[in-house]
Amino acid sequence: MDKKYTQLEIARIIGEPKDPRKPYPDLVEAICQTDTADPEEYLYYFDVLEDTDKIYTTVANGVTQQAVSLDTPASVTWVDIATPEYYVKITDLAQKKERVIARKLNTINRALNAEENYRVIQVLDSAATGEGNTFDLTSGSNSFTYQNCVDLIDAIVDYGDNFVLVAGTQIDKDIKLWDWTSNKYTSLAAAFKDLNVKVIRIFGSLTRDGNSTSILASTTAYMVANNTNVGKPNLFVRKRLDDISILGGVISDEGEKPERLVFSSPNPITVTGSARYLAVGIIGFEEIVVVNLNPKAIARFTRD
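Residues numbered from 1 in each chain as written. Predicted model: local features only at pLDDT ≥ 70, side-chain atom pairs only at ≥ 80, totals over all residues. Heavy atoms only, no water.

1. Things to note about the pairing of strand β18 (residues 298-302)
Burial runs high along β18: five of the five residues are buried. Across the two faces of β18 the burial is the same, with Ile298, Arg300 and Thr302 and Ala299 and Phe301 all buried. The pairing of strand β8 (residues 134-136) with β18 spans three bridges and is parallel. Bridge pairing in β18 links Phe135 to Phe301. Pairing of strand β13 (residues 220-227) with β18, which is carried by five bridges, proceeds in the antiparallel orientation. The residue bridging Thr220 from the neighbouring strand is Thr302, located in β18. (Buried < 20%, exposed > 50% of the residue type's maximum accessible area, 1.4 Å probe, protein only. Helix = DSSP H or I, 4+ residues; strand = E, 2+ residues; numbered from the N terminus. Pairing = 2+ DSSP bridges.)

2. Some words on the nonpolar core
By size, the foremost hydrophobic cluster in this structure holds 42 residues, and its most contacted members are Ile31, Val120, Leu124, Val166, Ile202 and Phe236. Looking at this core, the elements that each hand over two or more residues are α2 (26-31), β6 (79-82), β7 (86-89), α3 (90-131), β9 (161-167), β13 and β17 (276-292). Among the elements that make up this core, the one with the highest residue count is α3 (14 residues). If we skip the residues at most four places from it in the chain, Ile31 touches Val120, Leu124, Val164, Val166, Val224, Asn226, Lys232, Pro233 and Asn234. In this structure, Cys149, Ala221, Ala297 and Ala299 belong to the second largest nonpolar core, which totals 20 residues. (Core = buried A, V, L, I, M, F, W, Y, C linked by side-chain atoms within 4.5 Å. Contact = heavy atoms within 4.5 Å.)

Right, here's the structure in full:
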C-alpha cells in the first residue's frame, strides 16, 4: 500500500487501542470472568441457582433483567461502544506523528476502559436493587462504618466469599479514617483485612450523550462475593471484530482479529472550538456484553 495519510494508514499507525500489558480495567479484572468471542460466534449464558431465576445484562440504553430457566442457554445482546470523536491536528501530524498519535491512542484506551467500568457498575446496581440488597447510613452516623461493611457481607455471605468492595472516593476515604474517627485503641483497618475484603477505588467521569457522567458516585459502594457457585458472579466479554477496511477501521490484515478498532475520517475536517483548525477525526469502537449471573452475590451501600 502506498504510504500516505489515508484513513486506512492512520488506523494502522494508531493500532488497537488496548494495552497488552493490562488488557482489562482493574474493576473488570477483579470481579468478572473475562472472555472474547469471534465475529461469527454465538455467546450464551446459563443460570444455575434455582428452577427459574433472573440475570441482569447490558443493553444499548442501560441494563435489563431477563428470566432464564435452569441450565437453559440464552444468547447475549452485544452493546456497541464508541468514544467521542478526538482530533489530531494536521500540523501536529506533519511534525511529529508518532508522539501525537500515541497520546490519542492512550486517550481512546482510557475512554473505552471508563465505559467498560461504567457498564459493569450499572449491572452491579441493577443486581443489588433487584435483590433488595441495599443499605444506607445507620442512625446517628454520617459515614461508611465498619458495621456497614459487616452488614454488606452478611447480606451476601451465604452465596459466596472472597469479597471485593467497589468503593467511591468518599467511601474509600471513610475507610482510611476508621482508626482515627471510630476507635483509636483497636485497629478497624486490621480487622477489615481479616474479613478478606479487597477495596477497589473507582473515580473519574466519562462523556455519555455529550454529558459528563461519574463512573461511580463518590458516596456509593458495592460489595461483591467473588467466589460463588458460578465462580465470579459477573461475565464480561469483548467481541473480536472484523477489520472494516472501507471505513478506515483496519488494524492488520493478518493475525488475530482485534477486540477494539479505530475509525478515522477520510479527509481533514475543520474543527471549530476556541479556534478553527484542520484535523483528522478518530473514534474508538468495541462491542461488549456484561452479565450478572448471580445477583444474590451483590450488595450496595449509599452514604447520601
